[in-house]
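Here's the letter readout for the chains.
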Amino acid sequence: MTILLNAAEIAARVPHHGTMCLLHALHESSDTHVLCSTTSHRSSGNPLRSASGLLSCNAIEYAAQAMALHGAMTAAADAPPQGGRLASVRGVKLHTQRLDTIEGRLFVHAERLAGDAGQAMYQFALRDERRNTLAQGRATVLLNSLQDSRGRPSAPQQENAK
């Protein structure tokens, strides 16, 4: 499988740094989707890991990072990484209890379904090397363009009344 970006190149494009940058490779990228892979789920140093292991609910963070990378890949070439916040997740289905017990790489697919400069809606899926779906769902991301410097929603612009 072709690698378009490695872990260091991904880290340069997303707001996640160090061990919190969970994705190791970008394999596909288009205006509508990205496909990434990782082995960070197997690492004992994974920052999302608890005493119980890496629970499958953390699949949402892997998906969110793929969404952030998609945003960076579709942004202007000289644009700095734009942060965002998950506003909601819906229809999430977890098909395994833990991610750290999955052998081999995880594949993270994120597809943008709709959006504008201020928000985006994605569907996502995490799969193992045999293409078994481990987690899936939809997410809405509120992009920083609609937030103030403290991460709060900005007041909408109002036209001057005449």
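Above this text you will find the structure in question.
This report concerns the structure included in the present document. (Residues numbered from 1 in each chain as written. Predicted model: local features only at pLDDT ≥ 70, side-chain atom pairs only at ≥ 80, totals over all residues. Heavy atoms only, no water.)

1. Quick notes on the overall build of the protein
On a plain count of helices and strands, the protein comes out with two helices and seven strands. Tracing the protein from N to C terminus, the helices and strands come up as β-α-β-β-α-β-β-β-β. Of all 162 residues assigned to the protein, the portion counted as buried reaches 34%. In the protein, the proportion of contacts linking residues at least 24 apart, taken out of those at least 6 apart, comes to 62%. (Helix = DSSP H or I, 4+ residues; strand = E, 2+ residues; numbered from the N terminus. Buried < 20%, exposed > 50% of the residue type's maximum accessible area, 1.4 Å probe, protein only. Contact = heavy atoms within 4.5 Å.)

2. A look at the pairing of strand β3 (residues 33-38)
Most of β3 sits out of view: six of its six residues are buried. Side-chain alternation along β3 places His33, Leu35 and Ser37 on one buried face and Val34, Cys36 and Thr38 on a second face that is also buried. For strand β2 (residues 25-29) and β3, the ladder comprises four bridges, and the chain directions are antiparallel. Note that in β3 the partner of alanine 25 across the bridge is serine 37. The turn linking β2 back onto β3 is made up of three residues. Relative to strand β5 (residues 106-115), β3 runs antiparallel, the two being bridged by six bridges. (Pairing = 2+ DSSP bridges.)

3. Describing the side chain of histidine 41
Summarising the element assignment, histidine 41 is placed in the loop between β3 and α2 (59-74). Of the polar contacts made by the side chain of histidine 41, one reaches the backbone oxygen of glycine 104; its length is 3.0 Å. Non-local contacts of histidine 41, meaning those with residues more than four positions away in its chain, are made with Asn46, Arg49, Leu54, Tyr62, Leu99, Asp100, Ile102, Gly104, Arg105 and Leu106. (Polar contact = N/O pair within 3.5 Å; in protein donor to acceptor, adjacent residues only side chain to side chain.)

4. Details of the environment of serine 44
Relative to the assigned elements, serine 44 resides in the loop between β3 and α2. Classification of serine 44 as exposed rests on a relative accessible area of 69%. Residues serine 44 and aspartate 100 lie 56 residues apart in sequence; the distance between their C-alpha atoms is 8.8 Å.

5. With respect to the pattern of salt bridges
Evaluation of the coordinates by the stated rule reveals four salt bridges. With a closest N to O distance of 3.2 Å, arginine 49 and aspartate 100 form a salt bridge. Of this pair, arginine 49 sits in the loop between β3 and α2 while aspartate 100 sits in the loop between β4 (84-94) and β5, placing them 51 residues apart in sequence. Judged by relative accessible area, which is 31%, arginine 49 ranks as partly exposed. Measuring nitrogen to oxygen at the nearest pair gives 3.2 Å for the salt bridge that ties glutamate 129 to arginine 105. A residue pair is termed long-range when its members are at least 10 positions apart, and glutamate 129 in the loop between β6 (119-127) and β7 (133-143) and arginine 105 in the loop between β4 and β5 qualify at 24 residues. (Salt bridge = Lys/Arg side-chain N within 4 Å of Asp/Glu carboxyl O.)

6. Quick word on the environment of alanine 114
Its location among the elements puts alanine 114 in strand β5. Taking the relative accessible area as the measure of exposure, alanine 114 reaches 35% and is therefore partly exposed. Sequence-wise, alanine 114 and threonine 32 are 82 residues apart; in three dimensions their C-alpha atoms are separated by 9.2 Å.

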